[in-house]
Amino acid sequence: MKQPALFLWLLLGVCCVSLSAQSEKYSVSWDSLDQRPTPQWWKDAKFGIFVFWGPASVPAFAPRGEYAEWYWYWIEHAETRGPACRDFHQKTYGESFEYADFLPLFKGEFFDPTQWAGLFEKSGAKYVVLNAKHHDGYTMWPSKEANQSWGRRWNSLETGPRRDVVGEVADAVRRTDLRFGVYYSLYEWFNPLYVSDVNLFVEKLYFPQFKDLMTRYQPEIIFVDGEWDHGNEIWRSNELLAWLFNESPARESVVVNDRWFKGSRHKHGGYYTTEYGSGLEGATHPWEENRAIGKSYGFNRAELAEDYSSAQELVLMLVDIVSRGGNLLLDVGPAADGSIPVIMQDRLLEMGRWLETNGDAIYGPTPWKQSCQWSSGTI
């Protein structure tokens, strides 16, 4: 090889190594991952919509004040929250009726993602977070890992509504001005692989399934949950986040929450989360309060009108949260047929009317250097 050609090949090699090093901006260390700034679009958005829909929307039951999307867990573990769900299940469906037997009843005949997206846009929200997989392990998109680990068809395209719910909602939301995100549970209550070998579950299900979800739909918000049983030595979530921030199709604009392993809340993540609380006081890190309009994320037929927050309460909640630097993620729980209960639609539309007039005071502002929200008013 002639000398000039050799020089060019060496120079090209150095450039490739340099570009590769630049592309791997974040390492697997939490110190490195925590350096990634939270995308400005999320900090300006202030208001998002959470959507919980799945097989548990068929029984749609829990004692008032409890989460109806935990129905399967409640009927299997009556000792933890009392026998109400188990008694209801046996009386209504029979003792031999399994959770999987709800799938033929989970039809989604009124599921209209365009109508959903239009409603959410009218609410004044700026982003949507859809349940892609809850703790029951049932996926709202065609996941081969779900089928393999459960040993049966366990996704919304092959059972239930027989539609790619994540894909359809993502497309509908992106035809509006809203951003699209997903909720994803790390653990699964009764997954045979999780119960028998959690390390194999992480390797064979969590890692490839998470990457599949991110690559297919490129969500801009990732709300993970169900992390509390294991530390990062089991979940190895830092490895996935390094991939997400460096290589995934959503790496430029994606924002992630703080539920990546036991003890990670309010320590790691693009934004911190609170749930049915009052948010964080005096926090300098981006944060989000998430809650439903009622007392349950999944639709609960046992709830009464007084269990739902009024539009005035929701507006005051939003104003308070934004004044202290937070975002509000407000949940709706569609019925099994895919319709959003009218009382939930009404609350969202009322919030939208208020935001149409007052939105300039909500979107984009930053908190004052010192909060006096619940003080005597002096600084």
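A brief look at the structure comes next. Model, not experiment: these values are computed from the prediction.

1. Topic: the pattern of salt bridges
- Using the criterion set out here, one finds 17 salt bridges in the structure.
- Ionic pairing is found between Arg163 and Glu168, a salt bridge with its closest N-O pair at 2.7 Å.
- Overall, the relative accessible area of 25% leaves Glu168 in the partly exposed class.
- For Glu203, the salt bridge goes to Arg236, with nearest N and O atoms at 3.1 Å. With a gap of 33 residues between them, Glu203 in helix 11 (residues 198-217) and Arg236 in the loop between helix 12 (232-235) and helix 13 (237-246) connect regions that are remote in the sequence.
- We classify Glu203 as partly exposed; its relative accessible area is 41%.
- A relative accessible area of 23% places Arg236 in the partly exposed class.
- In the salt-bridge network here, residues are joined through shared partners; they are Asp225, Glu227, Arg259, Arg265 and Glu275.

2. Digging into the side chain of His134
- As for its position among the elements, His134 is in the loop between strand 2 (127-133) and helix 8 (144-150).
- With residues up to four places along the chain from it excluded, the contact list for His134 reads Phe52, Glu69, Trp70, Tyr183, Ser185 and Trp189.

3. Section: empty space enclosed by the protein
- Here the structure, examined in full by the defined rule, presents two cavities of 30 Å³ or more.
- The computed volume of the largest cavity comes to approximately 130 Å³.
- For the lining of the largest cavity, the per-class residue count stands at nine nonpolar, five polar and two charged.
- For the second largest cavity, the calculated volume is near 50 Å³.

4. Thoughts on the sheet that holds strand 4 (residues 221-225)
- As summarised here, the arrangement of the eight strands in space is 5-4-3-2-1-8-7-6, forming an open sheet in which the pairing is parallel. For this open sheet the edge positions go to strand 5 (255-256) and strand 6 (272-275), each flanked by a neighbour on one side alone.
- Here two bridges tie strand 4 to strand 5, and the two strands are oriented parallel to one another. Residue pairing for strand 5: Ile221 is matched across the bridge by Val255.
- Of the strands in this sheet, strand 1 (47-51), strand 2 and strand 8 (326-332) touch helix 7 (residues 113-122), which is tilted by about 150° from strand 1.
- Relative to strand 3 (residues 179-185), helix 11 is tilted by about 170°, and along the sheet it contacts strand 2, strand 3 and strand 4.

Here is what the cut-offs are and how they apply
Residues numbered from 1 in each chain as written. Predicted model: local features only at pLDDT ≥ 70, side-chain atom pairs only at ≥ 80, totals over all residues. Heavy atoms only, no water. Salt bridge = Lys/Arg side-chain N within 4 Å of Asp/Glu carboxyl O. Buried < 20%, exposed > 50% of the residue type's maximum accessible area, 1.4 Å probe, protein only. Helix = DSSP H or I, 4+ residues; strand = E, 2+ residues; numbered from the N terminus. Contact = heavy atoms within 4.5 Å. 1 Å grid on protein atoms, 1.4 Å probe; cavity = no way out; pocket = protein on both sides within 12 Å on 5 of 7 lines; lining within 4 Å. Points joined across faces, edges and corners; volume = space filled by probe spheres on them. Nonpolar A, V, L, I, M, F, W, Y, C, P; charged D, E, K, R; others polar. Pairing = 2+ DSSP bridges. Axes fitted to C-alpha atoms, helices over the stretch in contact; angles between N-to-C directions.

Treat this as a map of the structure, not an account of what it does.
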